[in-house]
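As a plain string of letters, each chain reads:
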Amino acid sequence: MKTRFTLTALALTSALAFSTSAMAAERTGMFNVHLKLTGTCEVLTTDTGLSGTKITTDSPNLAGADIDFGTHTASSSSLQIDKNNVGGANNGIKINCSKNTPFTVALEPQNVKTADGKGTMQGITSGNTDTIAYQLYKPTVSGSGLATTITETATSDPWGTGANVLSLTGKGLDSNATIKLPVFASVPAGELDKFVDTYQDQVKVTLAY
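Predicted model only: the values in this text are computed from it and were never measured.

### A short note on the sheet that holds strand 12 (residues 203-208)
So, point 1. A sheet is described by the order of its strands in space; here 3 strands give the open sequence 8-4-12, paired in antiparallel fashion. Taken across any chain shown, the strands that pair with only one partner, and hence form the sheet edges, are strand 8 (166-169) and strand 12. Across this sheet, the average inter-strand angle for adjacent strands is 20°, counted without regard to direction.
So, point 2. As paired strands, strand 4 (residues 102-109) and strand 12 are joined by 6 bridges and run antiparallel to one another. Among the inter-strand pairings, Thr 104 is bridged to a residue of strand 12, identified as Ala 208.

### With respect to the pairing of strand 6 (residues 131-142)
For a regular strand, side chains alternate in direction, first toward one face of the sheet and then toward the other.
So, point 1. In terms of strand pairing, strand 5 (residues 118-123) meets strand 6 through 5 bridges, oriented antiparallel. Each bridged residue has a counterpart across the sheet, and for Gly 119 the counterpart in strand 6 is Tyr 134.
So, point 2. As judged from the 3 bridges shared by strand 6 and strand 10 (residues 184-187), these two strands associate in the antiparallel manner. Counterpart to Leu 136 in the pairing with strand 10 is Ala 185.
So, point 3. The pairing of strand 6 with strand 7 (residues 149-158) spans 5 bridges and is classified as antiparallel. In the sheet register, Val 141 faces strand 7, and the bridge partner there is Ile 150.
So, point 4. Where strand 6 folds back onto strand 7 in an antiparallel hairpin, the turn is made up of 6 residues, including Gly 143, whose phi is positive at roughly 75°.

### Let's talk about the side chain of Asn 96
So, point 1. Secondary-structure assignment places Asn 96 in strand 3 (residues 93-97).
So, point 2. Taking the relative accessible area as the measure of exposure, Asn 96 reaches 4% and is therefore buried.
So, point 3. Within the structure, Asn 96 has its side chain in polar contact with the backbone oxygen of Asp 174 (distance 2.9 Å).
So, point 4. Excluding residues within four positions of it along the chain, Asn 96 makes contact with Thr 40, Cys 41, Glu 42, Val 43, Gly 172, Leu 173, Asp 174, Ala 177 and Thr 178.

### Topic: the sheet that holds strand 3
So, point 1. In spatial order, the strands read 1-3-9; together these 3 strands make up an open sheet with antiparallel pairing. Looking along the sheet, the strands with just one partner apiece sit at the ends: strand 1 (41-46) and strand 9 (179-181). Geometrically, the sheet is characterised by an average inter-axis angle of 15° between neighbouring strands, direction not taken into account.
So, point 2. Alignment of strand 1 against strand 3, held across 5 bridges, turns out to be antiparallel. By the bridge assignment, Cys 41 is partnered in strand 3 with Cys 97.

### As for the packing of aromatic side chains
So, point 1. Tallied over the full model, the rule gives 1 aromatic pair.
So, point 2. Taking 6.5 Å as the distance between ring centres and 55° as the angle between the ring planes, the aromatic pair formed by Phe 69 and Tyr 134 counts as tilted. A residue pair is termed long-range when its members are at least 10 positions apart, and Phe 69 in the loop between strand 1 and strand 2 (81-84) and Tyr 134 in strand 6 qualify at 65 residues. Accessibility assignment for this pair places Phe 69 and Tyr 134 in one class, buried.

Parameters and conventions
- Residues numbered from 1 in each chain as written.
- Predicted model: local features only at pLDDT ≥ 70, side-chain atom pairs only at ≥ 80, totals over all residues.
- Heavy atoms only, no water.
- Pairing = 2+ DSSP bridges.
- Helix = DSSP H or I, 4+ residues; strand = E, 2+ residues; numbered from the N terminus.
- Axes fitted to C-alpha atoms, helices over the stretch in contact; angles between N-to-C directions.
- Buried < 20%, exposed > 50% of the residue type's maximum accessible area, 1.4 Å probe, protein only.
- Polar contact = N/O pair within 3.5 Å; in protein donor to acceptor, adjacent residues only side chain to side chain.
- Contact = heavy atoms within 4.5 Å.
- Phe/Tyr/Trp six-rings, centres within 6.5 Å; stacked < 30°, edge-to-face > 60°.

Below you can see the structure in the form of structure tokens.
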């Protein structure tokens, strides 16, 4: 009985070893999973106190991206006037584009349309043909792609259309990924020897992606 048990145990061990050896062989294959995601821009907000209408009064309600050069005395020896938008970076031009989507923002003065961000303010009084010139400038941009940061300081680079657009990359469509752009402008020195009046212009903002 003992011998028979030993032989049976050996036979069982051999069968298990053979079974294990047979299961060790594998064959594999591959398949693909695909999704193509295209970029989009869902939001372009240009905050303004006048909801897109022109200035027609001496005391307009300005806010957001509006630029207020303030009140000055007419003078032939006036100094350069530098200003940023009334609402600063948090309340100016706001953009949401898909992550890693390249886009551009163009600014175009409307009284006299130019590509280099040079604007012309005109008086609101009938018969006044004097104008006051101003220049739009880009904010400081550092880094690239998703690591881009925008600082609320002006550069000397004109902000306009064509070769003068601001080129950036989207950081996402969620509200916490909103890209906020301040706007800077200046009136050159010696520009205020003009007809006493209130002067205005509008600037068109165009987002392209």
